[in-house]
Amino acid sequence: MVGYHLEIMFRKLFKSVLFGAFCLCGLTFGQETSTEQTPSAPPAAQSATAENHVAPLSLEKIQQDVREKEQIIDSLNLPKKTRDALLWASGATSVQGMREYLQAKHHAYDGHSVLEHARLKEDFRPPMNLWPCPDCGEVTHNLNPEGPFPAWTHHYTNGNSQYSRFPIPLKVYAPAEKDMGLWDKLKHRVDVDPFNLAATLVFVLAILHTFIAPKFQQLAHHLEQEHRQKLKEEKFRILHPEQRMPVSFASTLCHFLGEVEVVFGLWIIPFALICNHYYSMEDFLLYIDRDTSFTEPLFVAVIMVIASSRPIYRLAENTLKFGASIGKGTPAAWWLSVLCIAPLLGSFITEPAAMTLAAILLSKKFYQLKPSMSLRYATIALLFVNVSVGGTLTHFAAPPVVMVAGKWNWDMAHMFTQFGWKAMLGIFVSNLVYFIIFKKEFRHLEEVQRINSAFDGSVPTTWEDRQDVIPPWVYGVSIFFLAWTVYFAHHPAIFIGGFLFFLGFTMATPQYQNAFSIKVPLLVAFFLAGLLILGGCQGWWMQPVLQALAELGAATTMGLASILTAFNDNASVTFLSSTVPNLPEEIRYAIVAGAVTGGGLTVIANAPNPAGQAILGKYFKGISALKLFLWAIGPTVLIFLIFNFIR
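Before going into details, it helps to say that this report is about the structure given with it. (Residues numbered from 1 in each chain as written. Predicted model: local features only at pLDDT ≥ 70, side-chain atom pairs only at ≥ 80, totals over all residues. Heavy atoms only, no water.)

Regarding the overall build of the protein
What counts, and what does not: Strands are runs of DSSP state E lasting at least two residues, helices are runs of H or I lasting at least four, and both sets are numbered from the N terminus onward. When a residue's accessible area, from a 1.4 Å probe over protein chains only, is under 20% of the maximum for its type it is buried; when over 50% it is exposed; and in between it is partly exposed. Under the convention used here, a 1.4 Å probe and the Shrake-Rupley method define accessible areas, while residue burial counts only the protein chains that appear.
In terms of regular secondary structure, the protein is built from 31 helices and 2 strands. Among the 647 residues that make up the protein, the fraction classed as buried is 48%. With the model as given, the accessible surface of the protein reaches about 32300 Å², and the carbon-plus-sulfur share is 64%.

Details of the packing of helix 19 (residues 373-390) against helix 31 (residues 625-645)
The geometry of a pair of packed helices is captured by two quantities: the angle between their axes and the separation between those axes. Threshold: Lines fitted to the C-alpha atoms define the axes, with helices restricted to the stretch that makes contact. Angles between their N-to-C directions range from 0 to 180 degrees. Every angle not falling under 35 degrees, over 145, or within 65 to 115 is termed oblique; those three ranges are roughly parallel, roughly antiparallel and roughly perpendicular. Crossings are assigned a handedness: left-handed for a near helix turned anticlockwise from the far helix by less than a right angle, right-handed for a clockwise turn. Note on definitions: a residue-residue contact is assigned when non-hydrogen atoms from the two residues lie within 4.5 Å. Any residue that is not Ala, Val, Leu, Ile, Met, Phe, Trp, Tyr, Cys, Pro, Asp, Glu, Lys or Arg is counted as polar, Gly included; the first ten are nonpolar and the last four charged.
Two elements in contact, helix 19 and helix 31, have axes separated by 8 Å at closest approach and are oriented at 40°. The pairing of helix 19 with helix 31 is recorded here as oblique in orientation. Viewed along their axes, helix 19 and helix 31 form a crossing whose handedness is right-handed. Contacts from Ser-374, Tyr-377, Ala-378, Ile-380, Ala-381, Leu-382, Phe-384, Val-385 and Val-389 of helix 19 reach helix 31 at Lys-627, Leu-628, Trp-631, Ala-632, Pro-635, Thr-636, Ile-639 and Phe-643. When its residues are assigned to classes, the contact of helix 19 with helix 31 shows 14 nonpolar, 2 polar and 1 charged.

A closer look at the packing of helix 28 (residues 570-578) against helix 29 (residues 585-597)
Axis separation between helix 28 and helix 29 bottoms out at 9 Å; the angle between their running directions is 170°. With respect to helix 29, the axis of helix 28 lies roughly antiparallel. Residue-level contacts link Asn-570, Val-573, Thr-574 and Ser-577 of helix 28 to Ile-591, Val-592, Ala-595 and Val-596 of helix 29.

Details of the pattern of salt bridges
Pairing of side chains with opposite charge becomes possible as their charged atoms draw close. Our working rule: When a carboxyl oxygen of Asp or Glu is within 4 Å of a side-chain nitrogen of Lys or Arg, the pair counts as a salt bridge.
Summed over the entire model, instances satisfying the criterion amount to 16 salt bridges. Ionic pairing is found between Asp-193 and Lys-121, a salt bridge with its closest N-O pair at 3.0 Å. Taken together, the residues span a long stretch of sequence, with Asp-193 in the loop between helix 9 (182-192) and helix 10 (195-233) and Lys-121 in the loop between helix 6 (114-120) and strand 1 (131-132) at a distance of 72 residues. The exposure class of Lys-121 is partly exposed, given its relative accessible area of 22%. The shortest N-O distance in the salt bridge between Glu-447 and Arg-450 comes to 2.5 Å. With Glu-447 and Arg-450 both in helix 22 (residues 439-452) and 3 residues apart, this pair spans about one turn of that helix. Owing to a relative accessible area of 36%, Glu-447 belongs among the partly exposed residues under this scheme.

As for the nonpolar core
Under the convention used in this document: Nine residue types can take part in a nonpolar core, namely buried Ala, Val, Leu, Ile, Met, Phe, Trp, Tyr and Cys, and a core is a set of them joined through side-chain atoms within 4.5 Å.
Membership of the largest hydrophobic core comes to 150 residues, with the highest contact counts inside it found for Phe-195, Phe-264, Phe-271, Trp-335, Leu-383, Phe-442 and Phe-643. Top element by residues in this core is helix 19. It accounts for 11 residues. In contact with Leu-383, not counting residues within four places along its chain, are Leu-339, Met-355, Ala-358, Ala-359, Leu-362 and Leu-616. Counting residues in hydrophobic clusters, the runner-up holds 13 residues, among them Leu-87, Val-95, Ala-108 and Tyr-109.

Re empty space enclosed by the protein
Note the threshold: Points on a 1 Å grid, built from protein atoms alone, make a cavity when a 1.4 Å probe fits but cannot get out and make a pocket when they are open with protein on both sides within 12 Å along at least 5 of 7 lines; residues with an atom within 4 Å of a point are the lining residues. Grid points are joined across faces, edges and corners, and a volume is the space filled by probe spheres set on the points.
Scanning all chains against the criterion turns up 1 cavity of 30 Å³ or more. Within this model, the largest cavity holds a volume of roughly 50 Å³. As for the largest cavity, its lining consists of Ile-207, Thr-210, Phe-211, Thr-602, Val-603, Ile-604, Ala-625 and Leu-628. Split by residue class, the lining of the largest cavity holds 6 nonpolar, 2 polar and no charged.

A word on the packing of aromatic side chains
What counts, and what does not: Only Phe, Tyr and Trp rings take part, Trp by its six-membered ring, and two of them pair if their centres are within 6.5 Å. Stacked means planes under 30 degrees apart, edge-to-face means over 60, and tilted covers everything else. Throughout this description, the term charge over a ring refers to an Arg CZ or Lys NZ atom that lies within 6 Å of the ring centre and within 35 degrees of the ring normal.
Per the stated rule, a full pass over the model turns up 36 aromatic pairs. Aromatic rings pair up to connect Trp-473, Phe-480, Phe-481, Trp-484, Tyr-487, Phe-488, Phe-499, Phe-502, Phe-505 and Phe-516 into one cluster. Positioned over the ring face of Tyr-163 is Arg-290, at 4.6 Å from the centre of the ring. The aromatic ring of Trp-334 is capped on one face by Lys-365, whose charged end is 4.8 Å from the ring centroid.

Remarks on the environment of Leu-130
Structurally, the position occupied by Leu-130 is in the loop between helix 6 and strand 1. When its relative accessible area of 51% is taken as the criterion, Leu-130 is described as exposed. In sequence terms Leu-130 and His-141 are 11 residues apart; their C-alpha atoms lie 5.0 Å from each other. When residues no more than four places from it in sequence are discounted, the contact partners of Leu-130 are Trp-88, Val-139, Thr-140 and His-141.

This is how it looks when you write it as structure tokens:
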């Protein structure tokens, strides 16, 4: 260690000597060239300058500094790893600088572990560029040594630097939790940071809110009826063309609380208060601004708008029309064609785009015929389950697959042979089973279709259903924008820029376009953003649960992963599983299979689900989360059996 410090000091001394020699040469050259204009300094001044000159460090002085630093460090009675790390780091500072650093009440080398510092919630500078970690002794560094300094460098996060002090990186808990069981780990993490439990409580309340959202919708409708009756009794009249009809504030508020798309956004408010209570508002802002990526919500919003444009919709309609033509274009034929083929497109054009196209086609070809409420729920449940598993044919489109494919070296061949063909089999069998169950009602819908002439291309029911020819170049440009967005899905600045060009293109070709609303995509993005913010603080309990699952066998792991997915985004489940070291291959398979299998049980189980609900929600009097769950259990269990028993 002394030799290492000597090497550093000699390097600094060598650089100082070179710099001094360079300056001396420049000064000598300047004096020689200006002897005629400038008189030389008097002897007294020369002697004063010599006295003020700082002599270079001698070898004896360097050795003395090293010994003094060692004495100071030894007097602190630090653990060996912390002592060695501080001794290593002291080579970059002077004795006085090290004394000043050690005078602070809390610092990285004060004897506390990093976990204890996190419990204290005291600001301290963690090891920065090329400084060793006081806990493990490994050299760490800050990706941006010029600042602003992160609260946790990527040495602790195993990823990007984290600027907010919460949540405590999962790696920090590990040294203190050796040989602990699941329950003990959870208790320990709550004891270290009660914020963990508070954040999870808010998350659970938000999930419960999604289940009771239809009740708020019913209450809003009741209050609105009472308000209208009150206006009628008061004989209210519109007295001016610009006067607006008064509305019930209570009814509007209940309607707002009943919108599933805004649930998680609403619960960000109590979450922010909790963050301020346990940490600070600055930490909350850093968590939002720097530590949370909103790329996925932005992508879903953009891809929904592009996929719902008339050229893309017509292209999808004409493609699926081949499948429907086998059944002579009946409602049952369209139903089977959309639910069998559209979800598989999610492996290529991404799941949100596939969900958007499938939901729009089902809306126009099936839901407009007003099927029974049971068939409506069965259909949307099948759609959610099928889209969730339909993205497993490739390794680049479905978020839960993308999270692990690179880390586990899963390519397209692996995905198709291990997951893809099984997903296709599960989709076809599930659709067939529900088709047989509702076979009699499909015959009734065929009669309704004949009476209403709902699908007569020569007499469109609305202007949006017109069948005029769209030029091939319009199709080509629309496909280009769709492909651009999919290819740059992880680069928001690029795909948003492309989206602005797309909006300009639709304005330049209005005769081939339909009016589209940005309200629904923005609400879906708002939903996903809230889910990301609240879900980002749930790793403290999800990671040990996944670790415990790995010890229960593949079948049990798959089943519990499916249940866990129902209460969190399946991409979060697979991402946290990728942080668990040395998982056996069969457990990796079980976790991913379980995550995609359970992706249709709830609206929050898979990122594209809110898009489907937003499009088809108008055919329900508030989609009941419980009914959706019950109708999704059947296909979920069927696909689970296929993934589990066919290897």
